[in-house]
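# Coordinates in review
The residues making up each chain are set out below.
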Amino acid sequence: MPHVSNRVTLIDHPMVQHKLAIMRSVHTGTKQFRELVRELALFEGYEATRDFPLEDIDVETPICETVCKRIAGRKVAIIPILRAGLGMVDGMLELIPSARVGHLGMYRDEVTHEPHPYYAKFPADIDQRICLIVDPMLATGGSAVDAIQSLRAEGVRDIRLLVLVAAPEGIEAVLASDPDVRIFTCAIDEGLNEAAYIVPGLGDAGDRIFGTK
Ligand code: URA
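Reading guide: rules and limits
- Residues numbered from 1 in each chain as written.
- Predicted model: local features only at pLDDT ≥ 70, side-chain atom pairs only at ≥ 80, totals over all residues.
- Heavy atoms only, no water.
- Core = buried A, V, L, I, M, F, W, Y, C linked by side-chain atoms within 4.5 Å.
- Buried < 20%, exposed > 50% of the residue type's maximum accessible area, 1.4 Å probe, protein only.
- Helix = DSSP H or I, 4+ residues; strand = E, 2+ residues; numbered from the N terminus.
- Contact = heavy atoms within 4.5 Å.
- Near = heavy atom within 4 Å.
- Polar contact = N/O pair within 3.5 Å; in protein donor to acceptor, adjacent residues only side chain to side chain.
- Areas by Shrake-Rupley, 256 points an atom, 1.4 Å probe, with all protein chains shown as cover.
- 1 Å grid on protein atoms, 1.4 Å probe; cavity = no way out; pocket = protein on both sides within 12 Å on 5 of 7 lines; lining within 4 Å.
- Sits in = over half its atoms within 2 Å of the grid points.
- Salt bridge = Lys/Arg side-chain N within 4 Å of Asp/Glu carboxyl O.
- UniProt positions renumbered as here; feature names shortened; annotations may be inferred.
- Patch = residues over 30% accessible without salt bridge, like charges linked within 9 Å, V, L, I, M, F, W, Y side chains within 5 Å.
- Pairing = 2+ DSSP bridges.

On to the nonpolar core, then. Note that soluble globular proteins tend to have their nonpolar side chains buried in a common cluster. Counting residues in each nonpolar core, the largest one holds 35 residues, and the members touching the most others are Leu-20, Met-23, Met-92, Leu-162, Leu-164 and Leu-202. Of all elements in the fold, only helix H1 (14-24), helix H2 (30-48), strand E5 (76-82), helix H3 (89-95), strand E9 (130-134) and helix H6 (205-210) reach the threshold of two or more residues within this core. Residue contributions to this core peak at 6 residues, all from H2. Residues in contact with Leu-20, not counting those within four places in the same chain, are Leu-40, Leu-164, Val-165, Cys-186, Ala-187 and Leu-202. Formed by 24 residues, the second largest nonpolar core is a distinct cluster that contains Ala-77, Ile-81, Ile-148 and Leu-151.

Right, dumping it as structure tokens:
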């Protein structure tokens, strides 16, 4: 898996690239787009949890007793940034069914492109959990930086940001804002246009997931 830096992982698996190309197409409809967001979130979740420690467990197969591995009790919270992040939650929960889900509501000022938090609800023991922030698009990085700061204020130590498409500007902003956060992305695009949309990107992820305009 290419590590663009020691804190940025680019998931460029052929299946991921294939599915992302379908998502980028303006001709892909809401149903398929939503399904692909869920699938890519699941694939990305595999990579973002690759370093989870394992412990031995005794298992009796139909043939004999053996020793297998299981995840050694890491507690996870999935934190979607509303609204587009919701599209990644189901895929993540398929991978980690026991995860808790916190929510962070942020809207983007259409003029300044600044994020404005309007809602936050986290599990009570959030500071004991590995937090996987999910948001399909990392554009300016404003919402992600805000989300990371909110979680640090709650005492969270291990924060990982999972996006599907990232702009270099957003990656830089996130890495500069926090010394430890790690970023996982399926693509690093060219940059942002004047409206702070990612180029070539895939448009407004929230609108495409929910079929709004
Ligand atoms: N949010 C989106 O949904 N798309 C972009 O290109 C940038 C931010």
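Around the ligand, the surrounding shell consists of Met-137, Ala-139, Ala-196, Tyr-197, Ile-198, Gly-203, Asp-204 and Ala-205. Within the backbone of Ile-198, one N or O atom sits 2.8 Å away from an oxygen atom of the ligand. Gly-203 is positioned with one of its backbone polar atoms (N or O) 2.7 Å from a nitrogen atom of the ligand. Within the complex, 87% of the 240 Å² of free accessible area of the ligand lies under protein. Among the detected pockets, the ligand sits in the largest pocket.

Enumeration over the complete set of coordinates arrives at 14 salt bridges. Arg-24 is paired through a salt bridge with Asp-189; the nearest N and O atoms lie 2.7 Å apart. Highlighted residues: Arg-24 in helix H1 and Asp-189 in the loop between strand E13 (182-185) and strand E14 (191-192), separated in sequence by 165 residues. When its relative accessible area of 24% is taken as the criterion, Arg-24 is described as partly exposed. A salt bridge links Arg-38 to Glu-94, with the nearest nitrogen and oxygen atoms 2.6 Å apart. With a gap of 56 residues between them, Arg-38 in helix H2 and Glu-94 in helix H3 connect regions that are remote in the sequence. Among the residues examined, Arg-38 registers a relative accessible area of 27% and is labelled partly exposed. The network of salt bridges with shared partners includes Asp-51, Asp-158, Arg-160 and Arg-182.

A few words now on the UniProt feature "domain: Phosphoribosyltransferase" (unreviewed entry) in the protein. Following the UniProt record, the feature "domain: Phosphoribosyltransferase" (unreviewed entry) maps to residues 11-212 here. A helix fraction of 32% and a strand fraction of 28% characterise residues 11-212, whose end C-alpha atoms lie 28 Å from each other.

Let us now look at a nonpolar patch on the surface. Together, Tyr-107, Tyr-118 and Tyr-119 make up an exposed nonpolar region whose accessible area comes to about 360 Å². Along the chain, the position of Tyr-119 falls in strand E8 (residues 115-121).

Before going further, it helps to spend a moment on the pairing of strand E3 (residues 54-60). Relative to strand E4 (residues 65-71), E3 is paired through 7 bridges, and the arrangement is antiparallel. Paired with Asp-56 across the strands is Lys-69, a residue of E4. Between the end of E3 and the start of E4, which pair antiparallel, lie 4 residues.

The residue Leu-151 is located in helix H4 (residues 142-153) in this model. On the basis of relative accessible area, Leu-151 is assigned to the buried category, the value being 0%. With 129 residues separating them along the chain, Leu-151 and Ile-22 place their C-alpha atoms 33 Å apart.

The feature "binding site: uracil" (unreviewed entry), as given by UniProt, occupies Ile-198, Gly-203, Asp-204 and Ala-205 in the numbering adopted here. Checked against the lining of the largest pocket, the annotated residues just named reduce to Ile-198, Gly-203, Asp-204 and Ala-205. Tracing the chain through its elements places Gly-203 in the loop between strand E15 (198-199) and H6. For Gly-203, a relative accessible area of 35% corresponds to the partly exposed category. Excluding its chain neighbours within four sequence positions, the residues that come into contact with Gly-203 are Met-137 and Tyr-197. Structurally, Ala-205 can be placed in helix H6. Apart from residues lying up to four places away in sequence, Ala-205 is in contact with Phe-33, Ala-84, Pro-136 and Met-137.

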